[in-house]
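# Tertiary structure, described
Letter by letter, the chains look like this.
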Amino acid sequence: MPSILYVSDPLCAWCYAQGPQLRPLLEGLPELTVEVVAGGLRPYRREAPDSSVRDALTSQLLHVREKSGLPVHESLLSGEYLAGDSEPACRAVVAARRLSASAALPVFD
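What you see is a predicted model; the values in this text were computed from it and never measured.

Another point: the packing of helix H1 (residues 13–28) against helix H2 (residues 51–68). Taken N-terminus to C-terminus, the directions of H1 and H2 make an angle of 15 degrees; their axes are 9 Å apart at the nearest point. The orientation of H1 with respect to H2, classified from their angle, is roughly parallel. For the crossing formed where H1 meets H2, the hand is right-handed. Between H1 and H2, the residues in contact are Ala13, Trp14, Tyr16 and Ala17 and Gln60, Leu61, His63, Val64 and Ser68, respectively.

Listed below in structure tokens is the structure:
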């Protein structure tokens, strides 16, 4: 059976933008299975980023919104939540995958 190994970060802006690209592929190929591996780019990051990192992340989010048409919450653009500890989101994906392999992608989304 064909499958896709989808390695991604639940908090990555560009990974977020890939969701709409992946869904039609999966809907068009129902026999295709997807194994989701959540890898955090910034696990355990508790401190707020400095202004240069915050500006770069905000710029990426704006670019993702522009290119993908996906919503980006304004609180992210304000920099308030950009510390971005990816570990809890990765744990959620792993927990869902342990319950059911097919549950991982919807939780990731």
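A word on the environment of alanine 95. Turning to its location among the elements, alanine 95 is positioned in helix H4 (residues 87–99). The exposure class of alanine 95 is partly exposed, given its relative accessible area of 41%. Between the C-alpha atom of alanine 95 and that of leucine 61, which follows or precedes it by 34 residues, the distance is 27 Å.

Let us now look at H2. The end-to-end C-alpha distance of H2 is 25 Å, a good match for the 26 Å that 18 residues give at a rise of 1.5 Å each. By the burial criterion, the buried members of H2 are Leu57, Thr58, Leu61 and Val64. Down the axis of H2, the sector holding all buried residues measures 120 degrees, keeping them to one side. Opposite the buried face of H2, by more than 90 degrees, sit the exposed residues Asp55, Glu66 and Lys67. Check the buried side of H2 and you find it contacts H1 and helix H3 (74–77).

Volume-wise, the second largest pocket comes out at about 220 Å³. Around the second largest pocket, the lining residues are Gly19, Leu22, Arg23, Leu26, Leu32, Thr33, Val34, Ala101, Ser102, Leu105, Pro106 and Asp109. If you list the elements that add at least two residues to the lining of the second largest pocket, you get H1, strand E2 (33–38) and helix H5 (104–108). When its residues are assigned to classes, the lining of the second largest pocket shows 7 nonpolar, 3 polar and 2 charged.

Rules and cut-offs
- Residues numbered from 1 in each chain as written.
- Predicted model: local features only at pLDDT ≥ 70, side-chain atom pairs only at ≥ 80, totals over all residues.
- Heavy atoms only, no water.
- Axes fitted to C-alpha atoms, helices over the stretch in contact; angles between N-to-C directions.
- Helix = DSSP H or I, 4+ residues; strand = E, 2+ residues; numbered from the N terminus.
- Parallel < 35°, antiparallel > 145°, perpendicular 65-115°, else oblique.
- Left-handed = near helix turned anticlockwise from the far one by under 90°.
- Contact = heavy atoms within 4.5 Å.
- Buried < 20%, exposed > 50% of the residue type's maximum accessible area, 1.4 Å probe, protein only.
- Expected span 1.5 Å × (residues − 1).
- Arc of directions from axis to C-beta.
- 1 Å grid on protein atoms, 1.4 Å probe; cavity = no way out; pocket = protein on both sides within 12 Å on 5 of 7 lines; lining within 4 Å.
- Points joined across faces, edges and corners; volume = space filled by probe spheres on them.
- Nonpolar A, V, L, I, M, F, W, Y, C, P; charged D, E, K, R; others polar.

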